[in-house]
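One-letter residues, chain by chain:
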Amino acid sequence: MEVRSGPLLAHAEVFFVGDEKEGSEKVSNLQGLRCKECGTEYELEARYVCEQCFGPLEVAYDFSGIDAAEAKRKIQAGPAGIWRYADFLPFDERPKDPLEPGLTPLVKADRLAERLGIGEVWVKNDAANPTHSFKDRVVAVAIAKAKELGFQTIACASTGNLANAVAAHAAAAGLESYVFVPADLEEQKLLATGVYGTRLVGVRGNYDDVNRLCTELAETRPWAFVNVNLRPYYAEGSKTIAYETIEQLGWSLPDRIVCPIASGSLFTKLGRGISEWLEVGLVEGELPAFHGAQAEGCNPVAEAYAEGWEVCKPQRPDTIAKSLAIGNPADGPYAVELARATGGSVEAVTDEEIAAGIRLLAETTGIFTETAGGVTTAVLAKLAEAGTIGADDRVVAVITGEGLKTLDAVRAGHRVEEIDPSLDSFEREIAPASPATVAV
Amino acid sequence: MAVTVKIPTQLRAATGGEAEIEVEGGTVGEALDAVFDAHEGLRERITEDGTLRRFVNVYVSGEDIRFRDGLDTELNDGDEVTILPAVAGG
């Protein structure tokens with residue numbers, strides 16, 4: 001199995017002295033915040049909603065001054081994590097980060113590809129981040145921006161992985177934090193949040209209730225809610241998965257990407273990241289087909305895609321994939337647009353298929369993912385089965401989190417065979433000795 | 001019905017800074033119309049062609065009105081109607 005953690009580690013130590021030309025004046029790529037709906041522009045501050053039309057704001061850049069060859073050299077000489085892409089993130093200077101995420105392995109999954117009849121499958125294993133999910137990327141960006149804006153307290157509404165990341169990165173930065181989660185979250189995710197010394201608040205309700213509460217709190221508390229008032233910056237961190245994937249594929253693009261959808265932010269930002277590098281000339285080709293993956297027990301984006309709707313109808317989630325259990329997805333309409341525009345799709349799978357997906361990935365790649373990764377793998381299998389993805393395709397599956405966080409999903413999938421500590425017991429209960437074995 | 005409509009900070013420029021507005025209305029739609037009558041600038045910010053824009057969430061006593069009857073959701077005396085941005089979370 002080929003694993004590409006980047007051709008880059010050998011260069012990692014030189015960036016401190018070699019990444020800026022001496023005496024050159026850095027020109028900012030940052031333009032401000034811009035409404036995705038009506039285009040109204042705002043300063044780079046803790047703001048996430050357009051006052052004119054209530055649309056979402058995102059960071060606007062001007063990359064016209066970037067030379068592709070120079071940008072590539074600078075990236076390759078950069079640190080071994082997300083900050084090597086600082087020129088494409090909302091900062092004029094590369095932030096100091098004691099817990100830098102990123103540069104997770106891109107694994108060529110030949111046995112999985114063979115099992116499914118797909119040309120090439122690459123697994124982007126984002127469980128290999130400091131708190132074992134892709135949320136480290138978005139939180140690193142949000143906290144760096146929160147510090148720049150002068151916030152002392154970090155907060156979030158989370159389905160679990162974000163809770164882990166906010167608590168950890170706030171601890172590393174020495175900032176106070178409040179983490180709001182549905183009270184019935186998986187125990188592993190609660191423990192892996194509380195250990196960092198955060199104020200962990202279990203809300204009696206589902207994620208959408210937690211999110212509403214945090215949206216209201218963000219109006220009255222002077223806190224940096226990473227996925228509310230800092231969301232335009234936070235979301236930018238997801239682009240780094242796209243950049244890494246391109247770099248790890250030798251500065252090329254896959255034909256298709258399969259990615260889980262909760263709010264739709266990760267999904268759409270992968271598209272944005274690739275578009276930016278196509279624009280700058282760091283990669284050639286066209287946007288891959290984007291396939292979104294949801295659980296049937298919470299599939300508002302898949303439903304909107306299937307029904308041809310422009311908006312998502314909110315749902316009350318009921319699925320084992322709790323990290324994807326957002327019934328009212330903020331970026332749902334944009335996710336549908338991206339899937340349609342690229343010739344992709346948005347699919348949903350059952351809880352049984354999710355558990356089978358976790359096992360399929362584990363058995364063919366040695367990667368143990370959480371339920372969201374089970375959703376992604378199950379959708380990949382479903383698309384292969386339907387013939388949508390086949391022998392001519394190079395596919396990247398985005399695996400966003402770690403299996404140890406959702407153990408309940410796989411409890412029924414295996415059994416322990418218990419024996420006495422003797423050869424006799426082993427041969428009787430497990431594997432009788434064959435004549436050949438005895439001869440040896 | 002006398003109800004309270006809560007206005008998010010992003011829209012308070014259009015209400016002269018008012019965070020809560022007391023209005024009369026039998027449904028969410030009627031209550032919002034009463035708010036728009038008092039503060040005309042709000043109408044175009046959160047509605048388009050007579051319906052809510054796609055990034056606007058409206059709750060009655062904490063419940064998203066899309067789980068009820070949308071703008072036709074009936075109100076009781078003393079209900080709280082909360083307008084919030086839909087672009088948070090995830």
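Described below are features of the structure shown in this document. (Residues numbered from 1 in each chain as written. Chains lettered and ligands numbered in written order. Predicted model: local features only at pLDDT ≥ 70, side-chain atom pairs only at ≥ 80, totals over all residues.)

## Description of the overall build of chain B
Under the convention used in this document: Counting from the N terminus, the helices are the DSSP runs of H or I reaching at least four residues and the strands are the DSSP runs of E reaching at least two. Here the radius of gyration uses the C-alpha set of atoms, whereas the globule reference equals 2.2 Å times the residue count to the power 0.38. Residues are called buried when their C-beta atom has 20 or more other C-beta atoms within 10 Å, exposed when it has 12 or fewer, and partly exposed otherwise; all C-beta atoms are positioned from the backbone. By definition, residues are in contact whenever their C-beta atoms, placed on the basis of the backbone, come within 7 Å of each other.
Scanning chain B from N- to C-terminus turns up two helices and seven strands. Listing each helix as α and each strand as β along chain B from the N terminus yields β-β-α-α-β-β-β-β-β. Over its C-alpha trace chain B gives a radius of gyration of 12 Å, about what one expects of a compact globule, namely 12 Å for 90 residues. Reported as C-alpha extents along the three principal axes, the dimensions of chain B are approximately 30 × 25 × 25 Å. Looking at chain B as a whole, 42% of its 90 residues qualify as buried. Looking at chain B alone, contacts between residues at least 24 apart form 56% of all its contacts between residues at least 6 apart.

## Considering the interface of chain B and chain A
Contacts between chain B and chain A engage 21 residues on the former and 30 residues on the latter. Taken together, the elements giving at least two residues each to the side of chain B that touches chain A come down to α2 (41-46), β5 (56-60) and β7 (80-85) of chain B.

## Brief notes about the sheet that holds strand β4 (residues 57-61) of chain A
Residue and element names in this part refer to chain A. Worth spelling out the cut-off: Two strands pair under a simple rule: DSSP has to find at least two bridges between them.
Within the open sheet, the three strands sit side by side as β3-β2-β4. Their pairing is antiparallel. Each of the sheet's edge strands pairs with one partner strand only, and the pair in question is β3 (41-42) and β4. Pairing of strand β2 (residues 30-35) with β4, which is carried by five bridges, proceeds in the antiparallel orientation. Bridge pairing links Cys-35 to Leu-57 in β4.

## Focus on the environment of A:Pro421
Residue and element names in this part refer to chain A. Assignment of secondary structure puts Pro-421 in the loop between β14 (394-399) and α15 (423-429). With 6 C-beta atoms counted inside 10 Å, the residue Pro-421 sits in the exposed group. In this structure, the C-alpha to C-alpha distance between Pro-421 and Tyr-178, residues 243 residues apart in sequence, is 49 Å.

## Structural notes on unusual backbone geometry
Trans peptide bonds make up the majority, and among non-glycine residues the majority have a negative phi. The backbone phi angle of A:His132 is positive, close to 70°, even though this residue is not glycine. Although it is not a glycine, B:Ser61 adopts a positive phi angle of roughly 45°. Locating B:Ser61 in the fold gives a position in the loop between β5 and β6 (63-64). A residue is classified by how many C-beta atoms lie within 10 Å of it, and B:Ser61, with 12 of them, is exposed.

## So, the pairing of β2(A)
Residue and element names in this part refer to chain A. Direction of pairing for β2 relative to β3: antiparallel, over a ladder of two bridges. Following the sheet pairing, Leu-33 is matched in β3 by Tyr-42. Hairpin connection, β2 to β3: the antiparallel pair is bridged by five residues, and Gly-39 has positive phi, about 85°.

## Focus: the pairing of strand β13 (residues 345-349) of chain A
Residue and element names in this part refer to chain A. Within β13, five of the five residues are buried, leaving the element largely enclosed by the surrounding structure. Residues of β13 alternate between two faces, with Ser-345, Glu-347 and Val-349 on one and Val-346 and Ala-348 on the opposite face, all of them buried. Pairing of strand β12 (residues 289-295) with β13 involves five bridges; the strand directions are parallel. Its bridge partner being in β13, Gln-294 is matched across the sheet by Ala-348.

## Thoughts on the environment of A:Leu112
Residues and elements named next belong to chain A. Tracing the chain through its elements places Leu-112 in helix α3 (residues 110-116). Between the C-alpha atoms of Leu-112 and Trp-122, which are ten residues apart in sequence, the distance is 9.3 Å. Leaving out residues up to four positions away in the same chain, Leu-112 has contacts with Val-121, Leu-361, Thr-364 and Thr-365.

## Let's talk about the packing of helix α4 (residues 135-148) of chain A against helix α5 (residues 161-173) of chain A
Packed helices, taken two at a time, are described by the angle their axes make and the gap between the axes. All names here are of chain A. Filter applied, for reference: Axis definition: a line fitted to C-alpha atoms, limited for helices to the stretch in contact. Angles are taken between N-to-C directions and run from 0 to 180 degrees. Here the angle decides the label: under 35 degrees means roughly parallel, over 145 means roughly antiparallel, 65 to 115 means roughly perpendicular, and every other value means oblique. When the near helix sits turned anticlockwise from the far one by under a right angle, the crossing is termed left-handed; a clockwise turn instead gives a right-handed crossing.
The geometry of α4 relative to α5 is characterised by a closest axis approach of 9 Å and an angle of 40° between their N-to-C directions. Between α4 and α5, the angle falls in the class oblique. Relative to α5, the crossing made by α4 is right-handed. Across from Lys-135, Asp-136, Val-139, Ala-140, Ile-143 and Lys-147 in α4, the residues of α5 making contact are Asn-161, Leu-162, Ala-165, Val-166, His-169, Ala-170 and Ala-173.

## Here's the deal with α5(A)
All names here are of chain A. Heads up, the rule is: An expected span of 1.5 Å times one less than the residue number is assigned to each helix.
The end-to-end C-alpha separation of α5 is 18 Å, in line with the 18 Å expected for 13 residues at 1.5 Å each. Burial runs high along α5: ten of the 13 residues are buried. Among the residues of α5, Asn-161, Leu-162, Ala-163, Asn-164, Ala-165, Val-166, Ala-167, Ala-168, His-169 and Ala-170 are the ones counted as buried. Packed against the buried residues of α5 are α4, β7 (153-157), β8 (176-182) and α6 (187-194).

## Observations concerning the sheet that holds β5(B)
Remark on secondary structure: sheet strands pair via backbone hydrogen bonds, oriented parallel or antiparallel. Residues and elements named next belong to chain B. Taken in spatial order, the five strands make up an open sheet running β2-β1-β7-β5-β6, and their pairing is mixed. Pairing within the sheet leaves two strands with one partner each, and these edge strands are β2 (20-24) and β6. Both strand β1 (residues 2-6) and β2 contribute to a ladder of five bridges, which runs antiparallel. Note that in β2 the partner of Thr-4 across the bridge is Glu-22. The strands that helix α1 (residues 28-38) touches are β1, β2, β5 and β7; relative to β2, the one it contacts most, it runs at about 115°.

## What to know about the packing of helix α11 (residues 300-307) of chain A against helix α12 (residues 332-341) of chain A
All names here are of chain A. Running from N to C, α11 and α12 cross one another at 50°; their axes reach a closest spacing of 9 Å. The angle between α11 and α12 places the two elements in the oblique class. The crossing of α11 and α12 is right-handed. Side by side, α11 and α12 meet where Pro-300, Val-301, Ala-304 and Tyr-305 of the first sit next to Gly-332, Ala-335, Val-336 and Ala-339 of the second.

## Thoughts on the nonpolar core
Applicable threshold: For the purposes of this analysis, a nonpolar core is taken to be any set of buried Ala, Val, Leu, Ile, Met, Phe, Trp, Tyr and Cys residues that are connected through C-beta atoms within 7 Å.
A:Ala142, A:Val166 and A:Ala224 are the most contacted members of the largest nonpolar core, which has 158 residues in total. Once you skip the residues sitting within four places of it in the chain, A:Ala224 turns out to touch A:Ala46, A:Ala142, A:Ala146, A:Phe151, A:Thr153, A:Ile154, A:Ala155, A:Asn229 and A:Leu230.

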